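# Examining the three-dimensional arrangement
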Amino acid sequence: FNNGKFDEGNYEKDKKAFIAKYNQKGFRDAYISKDSMYRVSDKRISFDLHINEGKIYYFRNINWVGNSKYTTKDLSNILSIKKGDVYNQSQLDEKLYMNPNGNDVSSLYMDDGYLFFNISPVETMTSGDSIDLEMRIYEGEQAIINKVSVVGNTKTNDHVVMREIRTRPFATRIIAIRIF
């Protein structure tokens, strides 16, 4: 906390961010039961937040369903959440979909051409302070590139641009095999 100018418009957003921090520490039931704001002096405002933390939750069993391209062990290694780790929804989301470094389950599939891939984490059981998850995967068909066209290029020869593309169209691979 620091001294600053109070912006009433951000107050509700800040309260949600405050609870999100609790959620990251395993307190997934945390909520603000009561809050109040009062003036201490002409230049100071004080806040009282009454927070009901609930209990800390932990990951227990994580099962993978629908995966055929990658093994359960491979997917669990990328997820890197172990039994007994503190339940953290934002960490789970990052390891499934949104890791800025691309080290997540969705990137693994999509980088291999599974553009229609989908994963849904479902809580199958909550017992005491432990949560079981089932990762339901739809892999879909692997997409292939059929044709690549270069349009609007005026400075470089098209064959130079095509040479620099890392992914080759499927049809080009077949033609290249036939020629050689």
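Described below are features of the structure shown in this document.

## Notes on the nonpolar core
By size, the foremost hydrophobic cluster in this structure holds 21 residues, and its most contacted members are Trp64, Val105 and Met135. For this core, the secondary-structure elements that each account for two or more residues are strand S3 (58-65), helix H2 (72-79), helix H3 (89-98), helix H4 (105-110) and strand S5 (130-138). Broken down by element, this core gets its largest block of residues, 4 residues, from S5. Setting aside its immediate chain neighbours within four residues, Val105 contacts Trp64, Leu75, Ile78, Lys95, Leu96, Phe117 and Ile119.

## Observations regarding the side chain of Ser130
Along the chain, Ser130 falls in strand S5. Given the relative accessible area of 15%, Ser130 is considered buried. Within polar-contact distance, the side chain of Ser130 engages the side chain of Asp129 at 3.2 Å. Leaving out residues up to four positions away in the same chain, Ser130 has contacts with Tyr57, Tyr58, Arg60 and Met125.

Rules of the game
Residues numbered from 1 in each chain as written. Predicted model: local features only at pLDDT ≥ 70, side-chain atom pairs only at ≥ 80, totals over all residues. Heavy atoms only, no water. Core = buried A, V, L, I, M, F, W, Y, C linked by side-chain atoms within 4.5 Å. Buried < 20%, exposed > 50% of the residue type's maximum accessible area, 1.4 Å probe, protein only. Helix = DSSP H or I, 4+ residues; strand = E, 2+ residues; numbered from the N terminus. Contact = heavy atoms within 4.5 Å. Polar contact = N/O pair within 3.5 Å; in protein donor to acceptor, adjacent residues only side chain to side chain.

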